[in-house]
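# Overview (structure and organization)
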Amino acid sequence: ACFVLQMTDDEAQTKQPSRSWSLATPCCIGLLVVFFCTLSGAWYAGLNSVFGAIDVATPEYQILNRGQGYEVRLYNASTAVSVGGAKGSRGSFMRLAGFIGVMGKPQNEKHQKIAMTAPVVTIPSGRGEEMQFILPREVNNTAPQPTAAGVHLVARPASA
C-alpha cells in the first residue's frame with residue numbers, strides 16, 4: 001500500500017515554515033562558543049588545579065606504594081625557597097610567588113623568572129607554618145638568593 005499526502009493550494013499558502021529553529025540556532029551556537037571560550041580561559045588561568053590537573057613541573061620522585069586514591073612517594077634531594085608565616089597565610093604563598101616572578105619582577109638577586117612546581121610544601125611549626133616551593137631541578141644548585149626579607153633557600157634531603 002502506498003499513501004500520498006496532498007495539500008490544496010489554499011492550505012499551502014497559509015502554512016508558514018517554522019522559524020523557531022532557524023532563529024534559535026545561531027543564538028545557541030553563539031552562547032556555546034562564549035561558554036567554552038570562558039571555560040577554557042578559566043582553565044588556563046588556574047581552574048584546572050581545582051579539578052586536580054597539574055600542568056606545572058613536579059620534582060623527581062619514585063613511587064613507593066599506591067593506595068586507593070593516593071601514592072607514597074620518595075622525592076629526590078632538592079632546593080626549595082621557604083618562608084615562615086601564620087597557618088594558612090596567603091601572604092606566605094604570595095611572598096614565595098614573588099621570588100619566582102609570578103606577579104612581576106622576580107624578587108631574587110638575578111631577577112630570574114623561575115617556573116612554578118607542584119606540590120607546595122607546608123610544614124607546621126610552633127609559630128604557624130613554613131611554606132616551601134621546591135625549585136625546578138634546572139636551578140637546584142644555581143638558585144639565585146632571595147631579596148625579600150624572611151624568604152630564604154633551603155636544602156631538602158630526599159624524603160618520603
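Report on the accompanying structure. Per chain, the residues get numbers from 1 upward, laid out in the order the sequence is written. Given that the model is predicted, a residue must reach a pLDDT of at least 70 before its local features are reported, and side-chain atom pairs must reach 80 or more before they are shown or counted; all residues, however, enter totals for whole chains, interfaces and linings. The basis for every side-chain value is the complete set of non-hydrogen atoms in the structure, without hydrogens or water.

### Re the overall build of the protein
As a reminder, the rule being used: Numbering goes from the N terminus for both helices and strands, where a helix is a DSSP run of H or I of at least four residues and a strand is a run of E of at least two. Residue burial is assigned from relative accessible area. The probe radius is 1.4 Å, only protein chains are included, and a residue is buried under 20% of its type maximum, exposed over 50%, and partly exposed in between. Any two residues having at least one pair of non-hydrogen atoms within 4.5 Å are treated as being in contact. Residue burial considers only the protein chains on display, and all accessible areas are found by Shrake-Rupley using a 1.4 Å probe.
A count of helical and extended segments in the protein gives three helices and six strands. Of the regular secondary structure in the protein, the N- to C-terminal order runs α-α-β-β-β-α-β-β-β. Among the 160 residues that make up the protein, the fraction classed as buried is 24%. Taking contacts inside the protein between residues at least 6 apart in sequence as the whole, the part at least 24 apart equals 58%. Counting every atom, the protein has about 11600 Å² of accessible surface; 60% of that belongs to carbon and sulfur.

### Some remarks on the sheet that holds strand β6 (residues 151-156)
Formally: In this description, strands pair whenever DSSP reports at least two bridges between them. A fitted line through C-alpha atoms represents every axis, and for helices the fit uses only the stretch in contact; the resulting angles, taken between N-to-C directions, go from 0 to 180 degrees.
Reading across the sheet, the four strands line up as β4-β5-β3-β6 and stay open at both edges, with antiparallel pairing between neighbours. Unpaired on one side and paired on the other, β4 (120-125) and β6 mark the two borders of the sheet. Each strand axis lies, on average, 35 degrees off the axis of its neighbour in the sheet, ignoring direction. As defined by bridge partners, strand β3 (residues 78-85) adjoins strand β5 (residues 128-134) across six bridges and the pair is classed as antiparallel. In the sheet register, Gly-85 faces β5, and the bridge partner there is Glu-129.

### Quick notes on the side chain of Ser-92
Mapping Ser-92 onto the fold places it in helix α3 (residues 90-100). A relative accessible area of 4% means that Ser-92 is categorised as buried. Sequence-distant contacts of Ser-92, defined by excluding residues within four places in its chain, comprise Val-83, Gly-84, Gly-85 and Met-131.

### Here's the deal with the nonpolar core
What counts here: Remark: nonpolar core denotes a set of buried residues (Ala, Val, Leu, Ile, Met, Phe, Trp, Tyr, Cys) joined through side-chain atoms within 4.5 Å.
Val-81, Val-83, Leu-96, Phe-99, Ile-100, Ile-114, Met-131, Phe-133, Leu-135, Val-139, Ala-143 and Val-151 form the largest nonpolar core, which has twelve residues in total. Mapped by element, the contributors of at least two residues to this core are β3, α3 and β5. Filtering out sequence-adjacent residues up to four positions away, Ala-143 remains in contact with Leu-135 and Leu-153.

### Details of the layout of surface pockets
Where we set the bar: Grid points spaced at 1 Å over the protein atoms alone were grouped into cavities, where a 1.4 Å probe fits but cannot get out, and pockets, open sets with protein on both sides within 12 Å along at least five of seven lines, with lining residues defined by an atom within 4 Å of a point. Grid points are joined across faces, edges and corners, and a volume is the space filled by probe spheres set on the points. Throughout, the ten residues Ala, Val, Leu, Ile, Met, Phe, Trp, Tyr, Cys and Pro are labelled nonpolar, Asp, Glu, Lys and Arg are labelled charged, and all others, Gly among them, are labelled polar.
The computed volume of the second largest pocket comes to approximately 160 Å³. Along its surface, the second largest pocket is lined by 14 residues, and Thr-58, Pro-59, Glu-60, Pro-136 and Arg-137 are the ones closest to its centre. Considering only residue class, the lining of the second largest pocket consists of six nonpolar, five polar and three charged.

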